[in-house]
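# Structural features, examined
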Amino acid sequence: MTSISSASPAFTGKDPKNRLFGPLPDVTAEAGYDEGHPKRVGFFTDTSVCIGCKACEVACKEWNTLPMDDSHGTRDVIGLSGMSYDNTGQLGANSWRHVAFIEQVRTVDLPMPTFGRPGDDRQGNGPSPAAHDHPDAQALGQASVLNAEALSEFDPQTGQSGSDKQVRWLMSSDVCKHCTHAGCLDVCPTGALFRTEFGTVVVQGDICNGCGYCVPSCPYGVINRREDDGRVFKCTMCYDRLTDGLMPACATACPTQSIQFGDLDELQARADARLATLKDQGVETARLYGRDEDDGVGGNGAFFLLLDEPEVYGLPPDPIVTTRDLPAMWKAAGKAAVMIVGAALGAVLSSRRPR
Amino acid sequence: MTEGIATPGGGWRRADGPPAETRGKKRRKGGRRGRGEVAMVDDVEFTSYYGRPVIKPPVWKSPEVQLYLFFGGASGAAAILGALGEFTRRPVMTRSAHLFAGGGALASVGLLIVDLGRPERFLHMLRVFKPTSPLSVGSYILSPFSALAVATAGLHVLGRWPVLRRLGAVGSAVFAGPLATYTGVLLANTAVPSWHAAGTQLPYVFGASGMAAGGGITMALSPVAEAAPARRFAVTGAVIELAYMHKVENDHGIVSEPYHEGKAGALLRAAKACTAAGAAVTVAVGRRRAGAVLGGALLAAGSALTRFGVYEAGMASARDPKYTVVPQRERLEARKNEHASTITR
Ligand code: SF4
Ligand code: SF4
């Protein structure tokens, strides 16, 4: 019989290096599954092609029968958040996909995105020095439709508004990251949170006693308690669908393939290729988030391609699993406990005995 | 150079936000800082998603959790004092310590259960043991402690079976130290910036704060002739609490800030005043009945206020994305610079 551990690999005895963080090549086996377990699956969310349609949110709500709530997580309330087209607001117990909307502007007296000839830029306000600096810029620009110029010209995420302003849209469908070292899973005292055979992190509703410890322990602010229910809820990567060989609802519904589901190693390769393509085309702000297995959580099962800094999307720029520092804290607690006993002993021994 | 989507930054800022130079800039409210203290952090710039917190603040009930922290520490410290008292001739002090420890233990268990979203599932805590979960470890500390402490207190009330009582006293004392200090780890082992950063100091703060409260209360409940150990124990605790709290409040750059500001700052200033006054009263007039009661009450109040203040500071640091984003940014920059310097070398 295999025993599936809900403890961190470092404490299961199967991890000789006692790793509480860092890369973990086979997270599923580390959790106690047999050789023949399925490959680790994940999401690759490519935000550069997201159109903000929220099909993923709706599909998720429908499939998982999630109750409605407003942008602060209050049940059965409709409210406008005032945050662009985002009235979901955040991930939480009732929103397991959250499409972030960021409207950005910049004034165009900044150096323009020019790949064209001098004087050919869209304002027509004089020659751009950039073109001279880059003789081969034009060739580069023509190399592909999906180049930086094209992105700013035709991409729904970037466009011109008025004469002195440029706008762009950043949209990103956020989700539980199914971390390699999941803070929520590490701290769960009941074992309600566990690692599935697919390498994902899932709450067992019949075990969770609503202690709420996982809530502040997630470095991404994903998991939350449903107050009227008392238990916590989060994305399961459609565990029920996976066991039946189906794709998660959000990835199935996404019309632009911004949400891609598959074996994690394959997604990682695809993401690396996509990033290289974008870089080639001059989209220098593109970066992968959660892809790096050397990051503070050992890499994510659900990772992203972003076009701006992570915090712009509400993501932490350098998350760490809190348990990384736990051994030091336990040591301090042990020493402090000894300190109390020592102080009590000292106090008793140094006091004169009453007669 | 080509700017825009092709260049990092590219001058983009949120359309409805303030201009780039002031975005996310928070001015430190003046006048809060006492004389002689240095401002730790200048104005910082950071970006967030509409000012929303990055992490979820704890959903625990207030004031149940803070009281749980208080009773755990105070009853743990009292139980240790009581156990040692069993072996010296101090029957009343021993008895008071154990009665308080037993009562505090019961209160702790009650408060912990009330705080669960599904209280009827309390026993699910004991279906696994996970060293990665301070709450799991804590359940295995609290359960035997409360059973033994309540039994010891009960035997005191019955006034029978002294040998059994001593065994119970020693047994509860074994779990008492960890009970008083694990709560520091409980808070720190989260993504809450102001708690996590102080992870190796909070166990000392909570343990020492428990000493001050447990010792102080025992002292107040005992005749002064017997209470000398309680007085010393309490004053030692108060001094250590003040020293470690000072470190928590000043060692951690920007994430120390919430310990000074707003409600948390006010609570912690009151805590310090109570603890210092309690220690002073105990030293000066603790050998008189009224002095012992006043000193004990002040020390207990100081300890409770410390828990409330620390809790509040953590909540504030969780609610403001600044405390999550800025330290992580700094960490990234530092790593980048380190990397760059190794390359150029
Ligand atoms: S993102 Fe948060 S909720 Fe999801 S697995 Fe990681 S720690 Fe758990
Ligand atoms: S709230 Fe439920 S899932 Fe979260 S840590 Fe507690 S028992 Fe585990």
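Our structure is the block above this text.
Quick look at the structure, then. Given the structure is predicted, the values throughout are model-derived calculations rather than measurements.

### So, the overall build of chain A
For chain A, the helix and strand inventory stands at 11 helices and 11 strands. Relative to its 355 residues, chain A shows a buried fraction of 59%. As presented, chain A carries roughly 14,200 Å² of accessible surface, and 55% of it is formed by carbon and sulfur atoms.

### What about the overall build of chain B?
Counting its regular elements, chain B contains 10 helices and 1 strand. Counting from the amino terminus, chain B carries its helices and strands in the arrangement β-α-α-α-α-α-α-α-α-α-α. Taking all contacts inside chain B whose residues are at least 6 apart in sequence as the whole, residues at least 24 apart take part in 72%. Here chain B displays about 13,400 Å² of accessible surface, and carbon together with sulfur accounts for 64% of that area.

### So, the pattern of salt bridges
Following the criterion strictly, the structure yields 26 salt bridges over all chains and no others. One salt bridge connects Lys39(A) with Asp265(A), and the closest N-O pair in it is separated by 2.9 Å. Residue Lys39(A) is found in the loop between helix H1 (27-30) and strand E1 (41-46), and its partner Asp265(A) is found in helix H10 (residues 264-280); the two are separated by 226 residues along the sequence. Given a relative accessible area of 44%, Lys39(A) falls into the partly exposed group. A relative accessible area of 41% places Asp265(A) in the partly exposed class. Salt-bridge contacts for Asp318(A) lead to Arg335(B); the nearest nitrogen and oxygen are separated by 2.4 Å. Here Asp318(A) is found in the loop between strand E11 (302-306) and helix H11 (326-350), whereas its partner Arg335(B) is found in helix H10 (residues 321-344) on a different chain. Given the relative accessible area of 4%, Asp318(A) is considered buried. Residues joined by salt bridges that share partners form a network here, namely Arg287(A), Glu309(A), Glu311(A), Arg329(B), Glu333(B) and Lys336(B).

### Considering the layout of surface pockets
In this structure, the largest pocket spans a volume of roughly 640 Å³. Contributing to the lining of the largest pocket are 21 residues, with Leu288(A), Pro310(A), Pro317(A), Leu332(B) and Arg335(B) lying nearest its centre. Among the elements of the structure, strand E10 (287-289) of chain A together with H10 of chain B are those that each provide at least two residues to the lining of the largest pocket. Top contributing element to the lining of the largest pocket by residue count: H10(B), with 6 residues. Per-class residue counts for the lining of the largest pocket are 7 nonpolar, 3 polar and 11 charged. Of the pockets and cavities examined, the second largest pocket occupies roughly 440 Å³. Taken together, 27 residues form the lining of the second largest pocket, with His72(A), Gly73(A), Gln90(A), Asn224(A) and Lys56(B) sitting closest to its centre.

### Observations regarding the site of ligand 1
Contacts to ligand 1 come from Cys176(A), Lys177(A), His178(A), Cys179(A), Ala182(A), Gly183(A), Cys184(A), Cys218(A), Pro219(A), Tyr220(A), Val222(A) and Lys234(A). Of the residues contributing to the shell around ligand 1, the split by class is 8 nonpolar, 2 polar and 2 charged.

### Concerning the environment of Glu261(B)
The topology assignment puts Glu261(B) in the loop between helix H7 (228-250) and helix H8 (262-285). Taking the C-alpha atoms as reference points, Glu261(B) and Ala316(B), 55 residues apart in sequence, are found 9.1 Å from one another.

### Re the interface of chain B and chain A
Tallying the contact residues gives 87 residues for chain B and 113 residues for chain A. On inspection of chain B and its partner chain A, the count reaches 5 salt bridges. With its nearest N and O atoms 2.8 Å apart, the salt bridge here joins Arg331(B) to Asp318(A). Linking chain B with chain A are 36 residue pairs in polar contact (both at pLDDT 80 or more), by the criterion used here. Those elements that place two or more of their residues in the side of chain B that touches chain A are strand E1 (13-14), helix H1 (64-85), helix H3 (134-158), helix H4 (162-188), helix H6 (202-221), H7 and H10 of chain B. Element by element, the count of residues in the side of chain B that touches chain A is highest for H4(B), at 8 residues.

### Points about the state of the cysteines
All names here are of chain A. Evaluated as defined, the whole model comprises 0 disulfides over all chains. Cys 53 takes part in no disulfide bond, and the closest cysteine sulfur to it belongs to Cys 254, at a distance of 6.3 Å. Overall, the relative accessible area of 41% leaves Cys 53 in the partly exposed class. Not part of a disulfide, Cys 238 finds its nearest cysteine sulfur in Cys 250, a span of 6.2 Å.

### A closer look at unusual backbone geometry
For residues besides glycine, phi is generally negative; the peptide bonds are generally trans as well. Going from Ser62(B) to Pro63(B), the amide bond is cis rather than trans, its omega being 10°. Within the secondary structure, Pro63(B) sits in the loop between E1 and H1. Phi angles above zero are rare outside glycine, and Met237(A) is one such case at about 50°. Among the secondary structure elements, Met237(A) is positioned in the loop between strand E8 (232-233) and helix H8 (239-243).

### Description of empty space enclosed by the protein
Per the counting criterion, the structure on display carries 9 cavities of 30 Å³ or more. Its boundaries defined by the atoms lining it, the largest cavity holds a volume of some 170 Å³. If you go around the largest cavity, you meet 15 residues; those closest to its centre are Gln90(A), Leu91(A), Gly314(A), Pro53(B) and Val54(B). Classifying every residue of the lining of the largest cavity gives 7 nonpolar, 5 polar and 3 charged. Estimated volume of the second largest cavity: approximately 130 Å³. Where the lining of the second largest cavity is concerned, the elements lending two or more residues are H1 and helix H2 (91-114) of chain B. In terms of residue count, H1(B) provides more of the lining of the second largest cavity than any other element does, 3 residues in total. Tallied by class, the residues present in the lining of the second largest cavity amount to 10 nonpolar, no polar and 2 charged.

### Digging into helix H2 (residues 55-63) of chain A
Buried within H2(A) we find Cys56(A), Glu57(A), Ala59(A) and Cys60(A). In this structure, the buried residues of H2(A) make contact with strand E2 (97-107), strand E4 (165-175), helix H9 (249-253) and strand E9 (259-263) of chain A.

### Comments concerning the sheet that holds E10(A)
Residues and elements named next belong to chain A. One open sheet accounts for 4 strands, arranged E9-E1-E11-E10; its pairing is mixed. This sheet does not close on itself; its edge strands, each paired only once, are E9 and E10. Looking at each pair of strands side by side, their axes are set apart by 20° on average, direction ignored. Judged from the 3 bridges that link them, E10 and E11 form a sheet pairing that is antiparallel.

Criteria and cut-off values
Residues numbered from 1 in each chain as written. Chains lettered and ligands numbered in written order. Predicted model: local features only at pLDDT ≥ 70, side-chain atom pairs only at ≥ 80, totals over all residues. Heavy atoms only, no water. Helix = DSSP H or I, 4+ residues; strand = E, 2+ residues; numbered from the N terminus. Buried < 20%, exposed > 50% of the residue type's maximum accessible area, 1.4 Å probe, protein only. Areas by Shrake-Rupley, 256 points an atom, 1.4 Å probe, with all protein chains shown as cover. Contact = heavy atoms within 4.5 Å. Salt bridge = Lys/Arg side-chain N within 4 Å of Asp/Glu carboxyl O. 1 Å grid on protein atoms, 1.4 Å probe; cavity = no way out; pocket = protein on both sides within 12 Å on 5 of 7 lines; lining within 4 Å. Points joined across faces, edges and corners; volume = space filled by probe spheres on them. Nonpolar A, V, L, I, M, F, W, Y, C, P; charged D, E, K, R; others polar. Near = heavy atom within 4 Å. Polar contact = N/O pair within 3.5 Å; in protein donor to acceptor, adjacent residues only side chain to side chain. Disulfide = S-S within 2.5 Å. Pairing = 2+ DSSP bridges. Axes fitted to C-alpha atoms, helices over the stretch in contact; angles between N-to-C directions.

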